[in-house]
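Architecture at a glance
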Amino acid sequence: MNILKPSKLKCIVLNQLRHTWTFLLFVVDLLQCIIRAPQPTNNQEPLNIFNNNNNNDLIMDQDLPEEGLGQPGDQPPQPQQPQPQQEQQNMQVEGQEIVPFDPRDFVARIHAIAGAAEPMDAASDIDEEEEEDDEDVDVDYGDTDSDSEFEEMYSDESTSSDELEEQKQISKQLDVFLGQHPSESQGQLLVKPQYAFQPLRLVKCQFRNKHFPGGFPLARSGHRIIASSSHLYSLGGYNPRSALVASRRGRCLLFQELWSFNFATSTWKLELNADNASNMPVELASNALTIHNNVLISHGGTGYPFGESCSNDCYVYRTNSGGSKAGVERLKVTGDLPTAQYGPGIVIHKHYLYTIGGTTGFDYTCDVYRLDLRTRIWENVYISRPEMRDDPDGRYRHEVVYDGKHIYVLGGGTSHSVYDLQRIPAYNLEANCWDYFDTQPDRSAFDMDDGNRGYPRPRKCFSCVQHESSNGDIEAFITGGLQGDFSTYFSDIWKLNLRTKQWFRIITASLPRPLYFHSAAHSDNGCMYVFGGIEYNDKEMRRRNDLYKMWMTVPKLSEMCWDAITYYNDNLDTYDRKALVGYGIPKRFVDRLPPHRRRRLNRSGTVIQDPSMMISLYSNPKRARSTTQ
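Residues numbered from 1 in each chain as written. Predicted model: local features only at pLDDT ≥ 70, side-chain atom pairs only at ≥ 80, totals over all residues. Heavy atoms only, no water.

Examining the sheet that holds strand β28 (residues 519-522)
An order of β3-β32-β29-β28 is seen for the 4 strands of this open sheet, with the pairing classed as antiparallel. Edge strands, defined here as strands with exactly one partner in the open sheet, are β3 (203-204) and β28. Pairing analysis gives 5 bridges linking strand β29 (residues 527-531) to strand β32 (residues 547-551), with the strands arranged antiparallel. When the bridges of β32 are listed, V530 appears paired with Y548. (Pairing = 2+ DSSP bridges. Helix = DSSP H or I, 4+ residues; strand = E, 2+ residues; numbered from the N terminus.)

Here's the deal with the confidence of the model for the chain
Looking at the chain as a whole, the pLDDT averages 77, with 65% of positions reaching at least 70. Overall, residues 106-160 carries pLDDT values under 50, and its contacts beyond four positions in sequence, including any with other chains, amount to 122 contacts. Across residues 173-189, confidence stays below pLDDT 50; counting only partners more than four residues off in sequence or on other chains, it has 44 contacts. (pLDDT = per-residue confidence, 0-100. Contact = heavy atoms within 4.5 Å.)

A word on empty space enclosed by the protein
As enumerated under the stated definition, the model contains 3 cavities of 30 Å³ or more in all. By volume, the largest cavity is sized at about 50 Å³. In terms of lining, the largest cavity is formed by L511, P512, R513, L515, G532, E535, R544, D546 and Y548. The class makeup of the residues in the lining of the largest cavity is 4 nonpolar, 1 polar and 4 charged. (1 Å grid on protein atoms, 1.4 Å probe; cavity = no way out; pocket = protein on both sides within 12 Å on 5 of 7 lines; lining within 4 Å. Points joined across faces, edges and corners; volume = space filled by probe spheres on them. Nonpolar A, V, L, I, M, F, W, Y, C, P; charged D, E, K, R; others polar.)

A few points about unusual backbone geometry
For residues besides glycine, phi is generally negative; the peptide bonds are generally trans as well. P305 follows Y304 through a cis peptide bond whose omega is 0°. By the element assignment, P305 lies in the loop between β9 (295-299) and β10 (314-318). The phi angle at K350 is positive, at roughly 60°, despite the residue not being glycine. Of note, K350 is situated in the loop between β13 (345-349) and β14 (352-359). For K350, a relative accessible area of 60% translates into the label exposed. For C461, which is not glycine, the phi torsion reads 55° and is therefore positive. Tracing the chain through its elements places C461 in the loop between β22 (452-453) and β23 (463-468). Among the residues examined, C461 registers a relative accessible area of 1% and is labelled buried. (Buried < 20%, exposed > 50% of the residue type's maximum accessible area, 1.4 Å probe, protein only.)

See below:
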C-alpha cells in the first residue's frame with residue numbers, strides 16, 4: 001500500500017520514495033551523514049550548502065551543458081591530496097578508522113535508496129494504471145477529484161528517456177543541496193547529447209521539467225494547432241476526465257483555452273481562456289484553424305456532446321505573443337453562410353478563406369464556400385452532387401493542401417467509412433470545378449503480403465502539413481490516423497509531392513504508437529510539429545499531450561545554427577535583447593524569443609513560478625495552489 005506519494009510530499013526531492021520504510025531509511029542515512037560530517041573549528045568558516053547567486057539576468061552555471069559523458073570503463077580522475085593542515089577537516093571518524101568524506105558518496109547513497117524502492121513499486125504502479133487509464137471510454141468516473149486523475153492528464157506513460165530525464169533532475173537538485181556545481185558530482189548524467197541536425201527524424205520535445213502543474217496543456221484530442229516562425233498555438237480539444245471536472249464547476253466541457261509554445265525556450269503559455277476572453281467559443285472540437293497576417297482564424301467546430309451544437313462562425317484570436325493586444329473577436333459576416341458543421345478543411349487563397357466539407361453529425365458534405373476577408377461576405381461557390389455528377393463524396397476530418405491552383409482533399413470519411421489516398425480530388429480555383437489526380441506509389445514500400453501497394457492506406461482523423469521545398473515543389477506530410485472500422489490505427493508518416501503526384505514512405509521516422517485525432521503544424525523554417533491526440537495500443541487508448549518535431553527538409557544554415565543555440569541554451573529570454581544582438585545573433589532570431597523575463601530562483605537554486613503566469617482552469621486547484629504559494 002502506497003502511503004507516501006510524490007504528489008503529497010512536495011518537500012521530498014526523490015519522487016520514488018513511496019513507502020514508509022523507504023522514507024525512514026532515507027532519514028536514517030541522511031542523519032548518519034550529518035553526524036559523520038566534520039564540525040567547523042574556531043578558525044574555520046561553516047560549510048555553506050546553498051549557492052546564492054543574485055545575478056539572475058545571466059545564464060546560471062548549472063544551466064550550461066556539461067563536457068563529456070562517462071563510460072562504464074572510464075576511470076574517474078584522482079582527487080588532489082589535501083594539505084596537511086586541511087587533512088583533518090576532510091576526514092571523518094567511522095569506528096576506529098578514519099575515512100575521507102566525499103559528497104559523491106552521499107549522492108550515491110540517495111540514488112541507491114531510490115533504486116531499491118523502484119522494483120517494489122512497479123507492480124503497484126501497473127495496477128494503478130490499469131484502474132485509471134480508461135479515460136477514452138465515455139463512462140462515469142464517479143464524483144471524485146483524486147490527484148491520480150490529474151496526474152494522468154498531465155503526464156504520459158513512463159519511458160526510458162523520461163526516466164533518464166527524471167534522474168537528471170534528481171541529481172541536479174541533490175547537487176544544489178550539497179552546494180556543488182552539477183559537473184562536480186555525477187555531472188556526467190546531466191550532459192546533453194551533442195547536437196546533431198537530423199532531417200526526417202521524429203524527436204520528442206522536452207518541456208515538462210520547465211513547468212508547474214497547470215502550466216502546460218492537459219492531454220487532449222480533437223484540438224487544432226497552427227504555427228508561426230516563433231510559436232506553436234493549440235486551440236480547444238477534449239478530455240473526458242477534464243469534462244467531468246468542468247461540469248461540476250459549471251465550465252465549458254471542452255478546453256476553452258488557447259496555448260502558445262515558444263520554440264526557442266520550449267515553454268508553454270496560456271494566452272486566452274474564458275476568464276480573460278469573454279468571446280471564447282464553446283464549439284472547440286474538430287474545428288479548423290489557420291494563421292493570416294499574424295492573427296489566428298478558426299472556423300466551424302462542435303461542442304459537447306459532439307454534433308448536438310455545431311458552428312459556422314469565424315473567430316479571430318490575437319495574442320500577446322503575436323505582438324498585438326490579446327483578445328477574441330467573432331467576425332460579423334453576411335451573405336450565403338455555410339452549414340454549421342465540424343471537421344472541415346480551410347485554406348486562405350488571396351483574400352478569401354475557403355472551407356470544404358464537414359459534417360453536422362448526421363449529414364456529410366464536400367461543398368465549397370468562401371469568405372471575403374475584406375468585405376466579410378460569404379459566398380457559396382460549389383455544391384457537390386456526387387449522385388448527379390463526378391463530385392467527391394461528403395466527408396469530415398479530411399485534410400486540405402494548396403498549391404495556388406488547386407485545393408487537394410486528402411482522405412477523410414464518415415462515421416463508418418474512409419476514402420483512399422490513391423486518387424485525390426482537387427478543387428480547381430480558377431475553373432470552379434473538381435479535378436482528379438492519380439498519384440504514383442512508392443515502389444520501395446510495396447508489400448503484397450501486407451496489402452500495401454505503395455500508397456498510404458485510406459484513413460481519417462490524421463494530421464497533415466505542407467511546405468515548399470528548395471526547388472519550389474509543394475510537399476504534403478501526413479501522419480497517423482485510423483480507418484473507418486475503428487480497428488486499424490496508423491503511426492506511419494508519408495510525403496506527397498504535389499507536382500509529380502509521387503508518394504514517399506518516410507522510413508526514418510514514425511510515431512512511437514498509432515495516433516489519431518491529433519493535430520500537426522509547420523513553422524516557416526520547414527519543421528513539423530505533432531501534438532496531442534489519442535494513442536492506441538493493444539491494451540488501451542489514452543489521450544496524450546506529447547509534442548514531437550521533425551525537420552521535413554534541410555533548412556538554411558542560419559536556421560540550423562539557431563536550432564543548435566536554443567538546444568544548448570533554453571533560457572535566452574533571460575538575456576537582454578541588445579546583449580544577444582551584440583553577441584552576434586541576428587535580430588530576426590532574437591525577435592522569436594518571448595518577452596524578457598527575470599529568472600526567479602529560490603535559495604536551493606530551483607526556478608520559482610512567476611505568480612503572474614496563468615494556469616489552466618481545468619487543472620487541479622489544490623496542486624496548482626501548492627506550487628504558487
